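# Topology and contacts: notes
Residues per chain, in single letters:
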Amino acid sequence: MTAQERVFSSGHLSPSARYRIVVAGEIGAKEIEGMIQFLQLQKSFLEERKGFFEQLTPEQQRAALEYDGPEDHGDPAYRRS
């Protein structure tokens, strides 16, 4: 994390999963609503993707989830180098 970032929230989702939300800047109701909308989109994407993942072997699933390749989309300020 950078000096401007802080943990906004963290906790347990299940016995094997945890979450941590890291933010920078002021966070209010508008920003939280944006996070909720983003998470709802992520949820729907995961639900759609579930059928695809079920066709993969456990080894292929692990490789897909661990992939950390280059990102060349979105705002250039947030791209990995």
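Residues numbered from 1 in each chain as written. Predicted model: local features only at pLDDT ≥ 70, side-chain atom pairs only at ≥ 80, totals over all residues. Heavy atoms only, no water.

## Examining the overall build of the protein
The number of helices and strands found in the protein is 2 helices and 2 strands. Mapped from its N terminus to its C terminus, the protein presents α and β elements in the order β-β-α-α. Pairs at least 24 apart in sequence give 5% of the contacts found in the protein among residues at least 6 apart. A total of about 7400 Å² of accessible surface is found on the protein, and carbon and sulfur atoms cover 54% of it. (Helix = DSSP H or I, 4+ residues; strand = E, 2+ residues; numbered from the N terminus. Contact = heavy atoms within 4.5 Å. Areas by Shrake-Rupley, 256 points an atom, 1.4 Å probe, with all protein chains shown as cover.)

## So, the pairing of strand β2 (residues 17–24)
Remember that side chains alternate between the two faces of the sheet whenever the strand is regular. Looking at chain direction, strand β1 (residues 5–14) and β2 are connected through 8 bridges and run antiparallel. Bridge pairing in β2 links S14 to A17. Here β1 folds back onto β2, and the loop between the two strands holds 2 residues. (Pairing = 2+ DSSP bridges.)

## As for helix α1 (residues 29–54)
Relative to the 38 Å expected for 26 residues at 1.5 Å per residue, α1 spans 37 Å between its end C-alpha atoms, a close match to the ideal helical length. Of all the bends in α1, the largest measures some 30° and sits at E48. (Expected span 1.5 Å × (residues − 1). Bend = angle between axes of the 7 residues up to and from the residue.)

## Notes on a nonpolar patch on the surface
A surface patch of nonpolar side chains, amounting to about 260 Å² of accessible area, comprises M1, V7 and V22. Note that V7 resides in strand β1. Among the residues examined, V7 registers a relative accessible area of 36% and is labelled partly exposed. (Patch = residues over 30% accessible without salt bridge, like charges linked within 9 Å, V, L, I, M, F, W, Y side chains within 5 Å. Salt bridge = Lys/Arg side-chain N within 4 Å of Asp/Glu carboxyl O. Buried < 20%, exposed > 50% of the residue type's maximum accessible area, 1.4 Å probe, protein only.)

## Brief notes about the packing of α1 against helix α2 (residues 58–66)
Here α1 crosses α2 at 140°, and the two axes come no closer than 10 Å. The angle between the axes of α1 and α2 places the two elements in the oblique class. Contact residues: R49, F53 and E54 in α1; Q61, A64 and L65 in α2. Partitioning the contact of α1 with α2 into residue classes produces 3 nonpolar, 1 polar and 2 charged. (Axes fitted to C-alpha atoms, helices over the stretch in contact; angles between N-to-C directions. Parallel < 35°, antiparallel > 145°, perpendicular 65-115°, else oblique. Nonpolar A, V, L, I, M, F, W, Y, C, P; charged D, E, K, R; others polar.)

Limitation: the analysis is restricted to geometry and does not speak to function.
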